[in-house]
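What follows is the residue order along each chain.
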Amino acid sequence: MKIKFLLIGLVAISFCSKAQNSTVEKNITGAQIGLFGLDFYNESRLADKIALRAEASLFPAIWGGDLYGKTGFAFYPALTLQPKFYYNIGRRAEKGKNTKNNGANYLGLQVRYIPNWFVISNTENVSLSNQINFIPTFGIRRNFSENFNYEFKAGLGYGTTFGEKFNNSEAVLDLSIKVGYDF
(Lines give C-alpha, C1' and ligand atoms only; values in the text may rest on other atoms or scores of the structure.)
Protein backbone atom coordinates (compact mmCIF):
# COMPACT_ATOMS: atom_id res chain seq x y z
CA MET A 1 0.00 0.00 0.00
CA LYS A 2 2.82 2.41 0.87
CA ILE A 3 4.52 1.60 -2.43
CA LYS A 4 1.34 2.55 -4.38
CA PHE A 5 1.20 5.94 -2.65
CA LEU A 6 4.89 6.45 -3.29
CA LEU A 7 4.50 5.62 -6.99
CA ILE A 8 1.42 7.84 -7.35
CA GLY A 9 3.30 10.67 -5.61
CA LEU A 10 6.33 10.30 -7.90
CA VAL A 11 4.14 10.27 -11.02
CA ALA A 12 2.27 13.37 -9.82
CA ILE A 13 5.51 15.22 -9.08
CA SER A 14 6.98 14.37 -12.48
CA PHE A 15 3.74 15.43 -14.20
CA CYS A 16 3.67 18.77 -12.35
CA SER A 17 7.32 19.49 -13.08
CA LYS A 18 6.65 19.24 -16.84
CA ALA A 19 3.39 21.20 -16.75
CA GLN A 20 3.54 24.47 -18.63
CA ASN A 21 1.27 27.46 -18.57
CA SER A 22 -0.69 27.37 -21.83
CA THR A 23 -2.13 30.84 -21.34
CA VAL A 24 -0.67 34.30 -20.94
CA GLU A 25 0.61 35.21 -17.47
CA LYS A 26 -1.67 37.42 -15.38
CA ASN A 27 0.85 40.19 -14.77
CA ILE A 28 4.56 40.62 -15.63
CA THR A 29 6.72 43.61 -14.74
CA GLY A 30 10.30 43.95 -15.90
CA ALA A 31 13.06 45.83 -17.66
CA GLN A 32 14.88 45.16 -20.93
CA ILE A 33 18.00 46.67 -22.47
CA GLY A 34 19.51 46.39 -25.93
CA LEU A 35 21.28 48.34 -28.65
CA PHE A 36 18.06 50.20 -29.40
CA GLY A 37 17.02 51.38 -25.96
CA LEU A 38 15.96 50.68 -22.41
CA ASP A 39 12.39 49.62 -21.54
CA PHE A 40 10.47 49.36 -18.29
CA TYR A 41 7.26 47.42 -18.93
CA ASN A 42 4.20 45.74 -17.55
CA GLU A 43 2.25 43.06 -19.41
CA SER A 44 -1.28 42.38 -18.18
CA ARG A 45 -3.44 39.50 -19.31
CA LEU A 46 -6.58 40.42 -21.25
CA ALA A 47 -7.53 36.92 -22.49
CA ASP A 48 -5.97 33.43 -22.70
CA LYS A 49 -3.58 34.41 -25.51
CA ILE A 50 -3.76 38.23 -25.38
CA ALA A 51 -1.77 40.60 -23.18
CA LEU A 52 -1.50 44.39 -23.07
CA ARG A 53 2.04 45.71 -22.73
CA ALA A 54 2.56 49.22 -21.39
CA GLU A 55 6.13 50.50 -21.47
CA ALA A 56 8.21 53.56 -20.79
CA SER A 57 11.39 53.65 -22.88
CA LEU A 58 14.55 55.64 -23.33
CA PHE A 59 15.79 55.47 -26.94
CA PRO A 60 19.27 56.38 -28.22
CA ALA A 61 20.20 58.41 -31.29
CA ILE A 62 23.65 59.01 -32.77
CA TRP A 63 24.87 61.19 -35.62
CA GLY A 64 28.17 62.21 -37.10
CA GLY A 65 30.24 62.09 -40.26
CA ASP A 66 31.61 64.65 -42.68
CA LEU A 67 28.66 67.04 -42.37
CA TYR A 68 28.92 67.39 -38.58
CA GLY A 69 31.71 68.93 -36.54
CA LYS A 70 31.59 66.17 -33.94
CA THR A 71 29.77 62.95 -33.26
CA GLY A 72 26.61 63.55 -31.29
CA PHE A 73 24.35 61.34 -29.26
CA ALA A 74 21.01 61.76 -27.57
CA PHE A 75 18.53 59.83 -25.45
CA TYR A 76 14.82 60.60 -25.61
CA PRO A 77 11.70 59.14 -23.93
CA ALA A 78 8.78 57.22 -25.43
CA LEU A 79 5.55 55.71 -24.08
CA THR A 80 4.05 52.63 -25.77
CA LEU A 81 0.86 50.59 -25.52
CA GLN A 82 0.88 47.28 -27.37
CA PRO A 83 -1.73 44.53 -27.41
CA LYS A 84 0.06 41.21 -28.06
CA PHE A 85 -1.47 38.02 -29.40
CA TYR A 86 0.70 35.05 -28.29
CA TYR A 87 -0.43 32.71 -31.06
CA ASN A 88 1.72 29.68 -30.23
CA ILE A 89 1.81 29.67 -26.41
CA GLY A 90 -0.56 26.68 -26.19
CA ARG A 91 1.40 24.63 -28.72
CA ARG A 92 4.68 25.38 -26.93
CA ALA A 93 3.14 24.28 -23.61
CA GLU A 94 1.87 21.02 -25.15
CA LYS A 95 5.40 20.26 -26.38
CA GLY A 96 6.80 20.87 -22.88
CA LYS A 97 8.71 24.01 -23.86
CA ASN A 98 9.27 26.90 -21.45
CA THR A 99 6.32 29.32 -21.59
CA LYS A 100 6.98 31.05 -18.28
CA ASN A 101 6.49 34.83 -18.45
CA ASN A 102 4.89 34.57 -21.90
CA GLY A 103 7.75 32.76 -23.61
CA ALA A 104 6.19 32.45 -27.08
CA ASN A 105 5.85 34.12 -30.50
CA TYR A 106 3.44 37.01 -30.85
CA LEU A 107 1.81 39.50 -33.17
CA GLY A 108 1.24 42.99 -31.83
CA LEU A 109 0.22 46.52 -32.69
CA GLN A 110 2.38 49.19 -31.06
CA VAL A 111 0.97 52.64 -30.46
CA ARG A 112 4.01 54.70 -29.49
CA TYR A 113 4.01 58.32 -28.34
CA ILE A 114 7.35 60.17 -28.46
CA PRO A 115 6.91 63.46 -26.60
CA ASN A 116 9.15 66.49 -26.71
CA TRP A 117 9.62 66.41 -22.92
CA PHE A 118 13.40 66.22 -22.70
CA VAL A 119 16.48 65.12 -24.61
CA ILE A 120 19.73 64.08 -22.95
CA SER A 121 22.56 64.93 -25.35
CA ASN A 122 26.17 66.02 -25.67
CA THR A 123 25.01 68.75 -28.07
CA GLU A 124 23.13 71.87 -26.98
CA ASN A 125 19.66 72.84 -28.18
CA VAL A 126 18.63 69.38 -29.39
CA SER A 127 14.88 68.84 -29.50
CA LEU A 128 12.46 66.65 -31.32
CA SER A 129 8.91 66.88 -32.59
CA ASN A 130 5.99 65.21 -30.84
CA GLN A 131 5.34 61.95 -32.67
CA ILE A 132 2.86 59.11 -32.71
CA ASN A 133 3.59 55.77 -34.40
CA PHE A 134 1.38 52.81 -35.27
CA ILE A 135 3.53 49.74 -35.89
CA PRO A 136 2.29 46.17 -36.49
CA THR A 137 4.98 43.85 -35.10
CA PHE A 138 6.08 40.23 -35.04
CA GLY A 139 8.05 39.15 -32.00
CA ILE A 140 9.72 36.21 -30.29
CA ARG A 141 10.06 36.17 -26.51
CA ARG A 142 12.01 33.44 -24.71
CA ASN A 143 13.15 32.91 -21.13
CA PHE A 144 16.34 31.60 -19.63
CA SER A 145 17.52 31.14 -16.09
CA GLU A 146 14.85 31.97 -13.53
CA ASN A 147 13.65 35.47 -14.45
CA PHE A 148 15.76 36.49 -17.44
CA ASN A 149 14.40 36.84 -20.98
CA TYR A 150 15.38 37.88 -24.46
CA GLU A 151 13.09 39.32 -27.07
CA PHE A 152 13.34 40.04 -30.77
CA LYS A 153 10.72 42.09 -32.57
CA ALA A 154 10.40 43.64 -36.01
CA GLY A 155 7.72 45.81 -37.51
CA LEU A 156 6.99 48.36 -40.17
CA GLY A 157 4.31 50.96 -39.64
CA TYR A 158 3.19 54.56 -39.94
CA GLY A 159 4.40 57.57 -37.96
CA THR A 160 3.49 61.22 -37.91
CA THR A 161 4.64 64.35 -36.12
CA PHE A 162 2.12 66.82 -34.75
CA GLY A 163 1.94 70.20 -33.08
CA GLU A 164 4.35 71.87 -35.51
CA LYS A 165 3.70 74.13 -38.50
CA PHE A 166 5.00 71.50 -40.90
CA ASN A 167 3.89 68.03 -39.81
CA ASN A 168 5.58 65.06 -41.41
CA SER A 169 4.28 61.51 -41.99
CA GLU A 170 6.41 58.56 -43.02
CA ALA A 171 7.04 54.83 -42.70
CA VAL A 172 8.56 53.77 -39.37
CA LEU A 173 10.78 50.71 -38.93
CA ASP A 174 10.98 49.11 -35.49
CA LEU A 175 13.73 46.56 -34.93
CA SER A 176 14.64 45.44 -31.44
CA ILE A 177 16.83 42.81 -29.82
CA LYS A 178 16.82 43.06 -26.02
CA VAL A 179 17.74 41.11 -22.90
CA GLY A 180 15.68 41.64 -19.79
CA TYR A 181 14.74 40.69 -16.26
CA ASP A 182 11.22 40.05 -14.93
CA PHE A 183 10.71 41.21 -11.32
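Model, not experiment: these values are computed from the prediction.

## Topic: the side chain of Asp39
Among the secondary structure elements, Asp39 is positioned in strand β2 (residues 37-47). Asp39 gets classed as buried once you look at its relative accessible area, which sits at 2%. Reaching out from Asp39, the side chain makes a polar contact with the side chain of Ser57 at a distance of 2.6 Å. Residues within four places of Asp39 in sequence aside, it is in contact with Gly30, Ala31, Gln32, Arg53, Glu55, Ala56, Ser57 and Lys178.

## Quick word on the layout of surface pockets
Empty space within the largest pocket amounts to approximately 510 Å³. At 7 residues, the largest contribution of residues to the lining of the largest pocket is made by strand β9 (residues 169-182). Here the residues of the lining of the largest pocket sort into 9 nonpolar, 8 polar and 7 charged.

About the cut-offs
- Residues numbered from 1 in each chain as written.
- Predicted model: local features only at pLDDT ≥ 70, side-chain atom pairs only at ≥ 80, totals over all residues.
- Heavy atoms only, no water.
- Helix = DSSP H or I, 4+ residues; strand = E, 2+ residues; numbered from the N terminus.
- Buried < 20%, exposed > 50% of the residue type's maximum accessible area, 1.4 Å probe, protein only.
- Polar contact = N/O pair within 3.5 Å; in protein donor to acceptor, adjacent residues only side chain to side chain.
- Contact = heavy atoms within 4.5 Å.
- 1 Å grid on protein atoms, 1.4 Å probe; cavity = no way out; pocket = protein on both sides within 12 Å on 5 of 7 lines; lining within 4 Å.
- Points joined across faces, edges and corners; volume = space filled by probe spheres on them.
- Nonpolar A, V, L, I, M, F, W, Y, C, P; charged D, E, K, R; others polar.

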